[in-house]
Amino acid sequence: MPQIVVDDLVKTFRVAERQPGLWGAARGLLKRRHRTVEALAGVSFGIETGELVGYIGPNGAGKSTTVKVLAGILVPDSGRCEVLGRVPWRERVANAREIGVVFGQRTQLWWDLPVIESFELLRDIYRVSPQAHLRSRDELVDMLDMEPLLDVPVRQLSLGQRMRCDLAAALLHSPPVLYLDEPTIGLDAVSKLAVRDFVRQLNRERGVTIILTTHDMDDIEALCTRIIVINEGHILSDGTLNDLRARVTTERWLIVDLAEEDGDVADPQATVISREGHRVCLRFDPDEVSAAELIGRITAGHAIRDLFVENPPIEEIIARLYGEQCR
Amino acid sequence: MLGDFRLYFRYIGISVRSQMQYRWSFIMMTIGHFLTTGIEFVGIWILFQRFGNIRGWSLAEVALCYGIVNIAFSISDATTRGFDMFHIMVKGGEFDRLLLRPRSTALQVAGQELTMRRIGRLTQGLIVLLWSAHTLGIVWSPAKVALTGAAALGGACLFCGLFVLQATLAFWTVETLEIVNTVTYGGVETAQFPLSIYRPWLRRFFTGVIPLATVSYFPALAILGRGAGSAVPPALQWGAPLAGFAFLLAALQVWKFGVRHYTSTGS
C-alpha cells in the first residue's frame with residue numbers, strides 16, 4: 001500500500017461575504033451572507049515511499065488545503081486519507097511525530113530565540129532523546145552549512161538563512177515524510193540552489209518522501225520525478241514531467257541566433273514566437289516537420305551563429321493546462 | 001504527563017528570560033501593577049470608614065476574601081496570557097503551527113507566556129490576606145493553611161477556566177467578546193466581598209453557574225470561624241475549592257470541542 005493515500009477528498013468552506021461600504025458593514029452585522037467554496041472536489045492520489053512529488057496549481061487551487069488535511073490540521077467533509085496507515089485528523093499527535101512541515105511564508109521557529117534554542121525546544125516538543133537529537137542536529141547543520149547561524153536569534157536571519165534553519169527544524173525528529181510549501185519563495189538564486197540541493201539529497205540519500213508545492217517551475221524541473229497538477233479542487237494531471245508535456249503539447253522550440261541583426265526568419269512549417277536582437281524563437285510540431293529538416297532550411301537561407309532545440313518551458317505547459325480546463 | 005510539565009517549564013523558562021531582558025521595565029511595571037490594584041483595597045477601606053461594617057462583615061473579614069481572590073486572580077492572570085491573546089493567534093493563522101506539533105494545544109497555548117509583572121497583584125493580595133489574619137488573630141492550624149492555599153488555587157483554576165472559555169470563542173468568531181470580560185473582571189470585583197451581602201439571584205449565579213464565590217467565600221467562612229452558625233454545611237466550606245478545579249477541567253473539554261470545530265471549518 002502507498003505511504004500516503006488520498007481518496008476522493010472533498011472539502012468545502014463557508015466564506016462570509018463582505019458587502020462594500022459602511023452601510024454594507026453595518027448590514028453585515030445583522031445578516032451575513034455566506035458563499036460555499038469547494039476547495040477540494042474529489043482529490044485522489046497515492047504516494048509511495050521515497051517519492052518526490054511536485055504538487056502545483058494556481059493560488060486557491062486547493063494545494064494548501066490538501067497539505068493541511070495530510071498534516072491533520074483540517075478535517076475533510078468526505079473521502080479517505082491515510083499517512084503511514086494513520087488517519088491524520090483522528091490521530092493528529094501520532095501523525096505529527098511522523099511528518100515534517102515547512103511553510104515558506106511563515107517560520108516555525110521562535111522569533112526571539114537563537115536558532116539552537118529553538119532546536120532544543122523542538123527536541124522536547126517531539127520527545128527526541130538527547131543522543132538522537134544531537135546526531136540528527138549535527139548532520140543537518142553539516143548538510144545545510146549552518147554552523148555560524150546557530151547562535152543568531154531568528155529575527156536577525158536573512159530569508160535564505162531562515163529557510164535553511166526552518167528546513168533543519170522540520171527534520172530534527174527525522175520524519176519519513178516531509179511537506180514543503182513554497183520553500184523557495186522570495187529566495188535569491190544562491191539560496192534557491194542550496195535549498196534544492198538539500199531537498200534532492202534528503203530524498204535520494206535518506207529516502208524521505210517529499211511533497212513539494214511551489215510556483216517556481218525551476219524547482220519542479222530540477223527536483224520532481226512526478227507532478228500532480230491541481231486547479232479548482234480537481235486534479236488535472238498526475239505523472240512525470242514528460243507525460244505532462246506529451247499530454248498538453250508535443251511542440252518543440254527552435255532558438256536561432258542570427259549573425260546579422262534584424263534578420264527575418266520565416267518558414268511555412270514553423271511559427272515565430274519572439275524576436276529579440278539576434279535571437280529568434282520558433283515553434284514547430286515534430287510530427288509535421290523534423291528538427292533536422294527545419295534547421296537545414298533555415299541554415300540554408302541565413303548566416304547562423306548558434307542554434308538549439310528545446311522543450312517549451314514548463315510555465316508554458318502549465319499555463320496551457322489551466323487554459324484547457326477553463327475552456 | 002511528566003513530559004508535559006517538563007515542556008511547560010521549558011516554555012515558561014523562555015518567557016521569563018525574555019521578560020528579564022528588560023529588567024527595569026519589569027520592575028516598574030510590577031510596582032505599577034502593585035499600586036493600581038492596591039488602590040482598590042484603599043477604596044474598600046474608605047467604604048468601611050464611612051459605614052463601619054457591611055451586613056455584619058468587618059473590614060478585616062472582607063479583607064480575607066479580598067486577599068484570596070486577588071491571589072487567585074493574579075495567578076490565573078499570569079498563566080493564561082496565551083489564552084487571553086488567543087484570538088490574535090487564530091486570526092493570524094498561527095494556531096495551525098501549534099496543530100502541527102505532537103502536543104496538546106492547550107499546553108502549547110498556556111506555555112506562550114508567564115506574565116511576571118502580575119507578581120504586583122499577588123504581593124498586594126498576600127499583604128491584605130496577612131493583615132486580615134493578623135488583625136483578626138486567626139490561629140493558623142495546618143488545616144486552615146491548607147484550606148487557604150486550596151481556596152487560592154481553586155480560585156486560580158476557576159479564573160483560568162474563564163480565560164480558556166473566552167479563548168475558545170475565538171474558534172467561532174474572531175471578534176473579541178467583551179461579555180466574558182464582564183464575567184471575569186466583574187467576578188473578581190464581586191468575589192472580593194462575602195457572598196452573603198448580595199441579592200439571591202447574584203448569589204445563585206456565582207455559586208451555581210460560575211462557582212466563583214464558592215471558592216473564596218465558603219472556605220473563608222471556615223477560616224474565619226464563622227462556619228458554625230452558617231447555613232453552609234462544613235463539607236461545602238472545606239470542599240468548595242474543588243469546584244474551581246472541576247470548572248477548569250470542564251473548560252478544557254469545551255476547548256477540545258472548539259479545536260475540533262476549528263479543524264472541521266478551517267477558519
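Residues numbered from 1 in each chain as written. Chains lettered and ligands numbered in written order. Predicted model: local features only at pLDDT ≥ 70, side-chain atom pairs only at ≥ 80, totals over all residues. Heavy atoms only, no water.

Student: Would you mind going over the domain arrangement of chain A in detail, with residue names and values included?
Tutor: For chain A, the domain assignment lists domain 1 (49-246) and domain 2 (250-311). Placing the centre of domain 1 of chain A and that of domain 2 of chain A at their C-alpha centroids yields a distance of 41 Å. (Domains from an automatic or database assignment.)

Student: How would you explain the interface of chain A and chain B if you had to name every residue and give the values?
Tutor: Contacts between the two partners involve 29 residues from chain A, matched on the other side by 26 residues from chain B. Taking both sides of the interface into account, the surface hidden between chain A and chain B amounts to around 2500 Å²; carbon and sulfur atoms contribute 51%. Of all residues in chain A, Ile73(A), Arg92(A) and Ile125(A) give up the largest surface area on contact with chain B, accounting jointly for 24% of the area buried on that side. Inspection of the chain A/chain B interface yields 6 salt bridges. Here Asp124(A) ties to Arg6(B) by a salt bridge, and the two come within 3.1 Å at their closest N and O atoms. Seen at the junction of chain A and chain B, the total is 13 residue pairs in polar contact (both at pLDDT 80 or more). Those elements that place two or more of their residues in the side of chain A that touches chain B are strand S1 (4-17), helix H2 (63-71), helix H3 (92-98), strand S5 (99-103) and helix H4 (115-125) of chain A. Along the lines of polarity and charge, the residues of the side of chain A that touches chain B split into 16 nonpolar, 2 polar and 11 charged. (Contact = heavy atoms within 4.5 Å. Buried area = accessible area lost by both parts, 1.4 Å probe. Salt bridge = Lys/Arg side-chain N within 4 Å of Asp/Glu carboxyl O. Polar contact = N/O pair within 3.5 Å; in protein donor to acceptor, adjacent residues only side chain to side chain. Helix = DSSP H or I, 4+ residues; strand = E, 2+ residues; numbered from the N terminus. Nonpolar A, V, L, I, M, F, W, Y, C, P; charged D, E, K, R; others polar.)

Student: Describe the sheet that holds S1(A), with residues and values.
Tutor: Residue and element names in this part refer to chain A. Ordered in space as S2-S1-S4, the 3 strands form an open sheet in which the pairing is antiparallel. For this open sheet the edge positions go to strand S2 (33-47) and strand S4 (78-83), each flanked by a neighbour on one side alone. Pairs of neighbouring strands in the sheet enclose a mean axial angle of 35°, with direction left out of account. Pairing analysis gives 5 bridges linking S1 to S4, with the strands arranged antiparallel. Paired with valine 6 across the strands is cysteine 81, a residue of S4. Relative to the sheet, H2 contacts S1, S2 and S4, its axis offset from that of S1 by approximately 120°. (Pairing = 2+ DSSP bridges. Axes fitted to C-alpha atoms, helices over the stretch in contact; angles between N-to-C directions.)

Student: Give a description of the sheet that holds strand S10 (residues 252-258) of chain A that names residues and reports values.
Tutor: All names here are of chain A. Here we have 4 strands laid out as an open sheet, ordered S11-S12-S10-S13, and antiparallel in their pairing. For this open sheet the edge positions go to strand S11 (270-276) and strand S13 (304-310), each flanked by a neighbour on one side alone. Here the strands of the sheet are splayed against their neighbours by 20° on average, with no regard to which way each runs. Sheet topology note: the S10/S13 ladder contains 6 bridges and is antiparallel.

Student: Describe in detail the packing of aromatic side chains, supporting the description with residues and values.
Tutor: Each aromatic ring pair is described using two quantities: the centre-to-centre distance and the angle formed by the ring planes. All names here are of chain B. In total, this model carries 20 aromatic pairs over all chains according to the counting rule given. For the pair phenylalanine 73 and phenylalanine 159, a centre-to-centre distance of 5.1 Å together with 85° between the ring planes defines the contact as edge-to-face. Of this pair, phenylalanine 73 sits in helix H3 (residues 59-79) while phenylalanine 159 sits in helix H9 (residues 142-168), placing them 86 residues apart in sequence. By relative accessible area, which is 1% here, phenylalanine 73 ends up buried. Given the relative accessible area of 1%, phenylalanine 159 is considered buried. Each ring, one from phenylalanine 86 and one from phenylalanine 95, has its centre 5.2 Å from the other, and the planes form 85°; the classification is edge-to-face. (Phe/Tyr/Trp six-rings, centres within 6.5 Å; stacked < 30°, edge-to-face > 60°. Buried < 20%, exposed > 50% of the residue type's maximum accessible area, 1.4 Å probe, protein only.)

Student: Please set out the nonpolar core residue by residue, giving values where relevant.
Tutor: Core analysis: the largest hydrophobic core is formed by 166 residues, its most contacted members being Met146(A), Tyr179(A), Phe86(B), Phe95(B) and Trp255(B). In this view, Trp255(B) contacts Phe83(B), Phe86(B), Phe95(B), Thr105(B), Ala106(B), Val109(B), Val164(B), Ala167(B), Thr168(B) and Phe171(B); residues no more than four positions away in its chain are not counted. Within the second largest apolar cluster, 11 residues are counted, among which are Val256(A), Leu258(A), Val265(A) and Leu282(A). (Core = buried A, V, L, I, M, F, W, Y, C linked by side-chain atoms within 4.5 Å.)

Student: Tell me what's going on with the pattern of salt bridges, and back it up with residues and numbers.
Tutor: Residues and elements named next belong to chain A. Going through the model one piece at a time under the given rule, you end up with 32 salt bridges over all chains. Between lysine 11 and aspartate 77 there is a salt bridge, with its nearest N and O atoms 3.5 Å apart. In this pair, lysine 11 sits in strand S1 while aspartate 77 sits in the loop between H2 and S4, placing the two residues 66 residues apart along the sequence. Judged by relative accessible area, lysine 11 falls into the buried class, the value being 0%. Here aspartate 77 falls in the partly exposed class, since its relative accessible area comes to 42%.

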